[in-house]
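Per-entry structural report
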Amino acid sequence: MLTLSKAKDEYGFDAARAGLTAEEAADLASTFARFDTAGRGKLNSGDLYDLARALGIALSVEDSTAALKMLDADNNGSVEFSEFVDWYCGVVALECSPDGCDPAFTK
């Protein structure tokens, strides 16, 4: 399971560089781990499908595959934590209200 400590140690993740507080980064690592069902430190298209469903977005299998290609900046076939953080900070955080984010990101 991905924790903030593991993200720092294994992936060189720096919350401050991403513009996140330690608490926000820990929540994000926890969310990533929730959808990284295989515990590999990567999300595949099936994991992204589950993430979208948790956010109330209906994706087809084809849409999930397209989302993977869009988020997979290094083109290795999966979304690593750093790519997930980039997506979150670039898209999801902009859609959060002052009262918080979607429940999928707070459980």
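Throughout what follows, the structure given in this document is the object of discussion. (Residues numbered from 1 in each chain as written. Predicted model: local features only at pLDDT ≥ 70, side-chain atom pairs only at ≥ 80, totals over all residues. Heavy atoms only, no water.)

Let's shift gears to the nonpolar core. Counting 25 residues, the largest nonpolar core has F13, L20, L48, F81 and F84 as its most contacted members. For this core, the secondary structure elements donating two or more residues are helix 1 (4-11), helix 2 (22-35), helix 3 (45-54), helix 4 (61-71) and helix 5 (81-92). Take this core: its biggest share by element is six residues, from helix 2. (Core = buried A, V, L, I, M, F, W, Y, C linked by side-chain atoms within 4.5 Å. Buried < 20%, exposed > 50% of the residue type's maximum accessible area, 1.4 Å probe, protein only. Helix = DSSP H or I, 4+ residues; strand = E, 2+ residues; numbered from the N terminus.)

As a further point, take the side chain of E80. By secondary structure assignment, the location of E80 is in strand 2 (residues 79-80). A polar contact is formed between the side chain of E80 and the side chain of N76, at a distance of 2.5 Å. Dropping the residues within four chain positions of it, E80 is found in contact with F32, G41, K42 and D74. (Polar contact = N/O pair within 3.5 Å; in protein donor to acceptor, adjacent residues only side chain to side chain. Contact = heavy atoms within 4.5 Å.)

Applying the stated criterion across every chain, the model contains four aromatic pairs. Arranged with centres 5.2 Å apart and planes meeting at 65 degrees, the rings of F32 and F84 form a pair that is edge-to-face. With a gap of 52 residues between them, F32 in helix 2 and F84 in helix 5 connect regions that are remote in the sequence. We classify F32 as buried; its relative accessible area is 0%. Classification of F84 as buried rests on a relative accessible area of 2%. Ring centres 5.6 Å apart and planes at 45 degrees place the aromatic pair F84 and W87 in the tilted group. You can see F84 and its partner W87 sitting in helix 5, three residues apart, about one turn around the helix. W87 carries the same exposure label as F84, and that label is buried. Within the aromatic cluster, the residues linked to one another by ring pairs are F13, F32, F81, F84 and W87. (Phe/Tyr/Trp six-rings, centres within 6.5 Å; stacked < 30°, edge-to-face > 60°.)

The phi dihedral of N75 is positive, around 55 degrees, even though this residue is not glycine. Tracing the backbone shows N75 in the loop between helix 4 and strand 2.

Under the definition given, this model contains one cavity of 30 Å³ or more. Taken as a whole, the largest cavity encloses approximately 40 Å³ of empty space. Per-class residue counts for the lining of the largest cavity are three nonpolar, two polar and three charged. (1 Å grid on protein atoms, 1.4 Å probe; cavity = no way out; pocket = protein on both sides within 12 Å on 5 of 7 lines; lining within 4 Å. Points joined across faces, edges and corners; volume = space filled by probe spheres on them. Nonpolar A, V, L, I, M, F, W, Y, C, P; charged D, E, K, R; others polar.)

With respect to the helices, strands and loops of the structure, L51 is situated in helix 3. Note on L51: relative accessible area 4%, which makes it buried. The spatial distance from the C-alpha of L51 to the C-alpha of T31 is 9.2 Å, given a sequence separation of 20 residues.

Distances and angles like these do not, on their own, reveal function.
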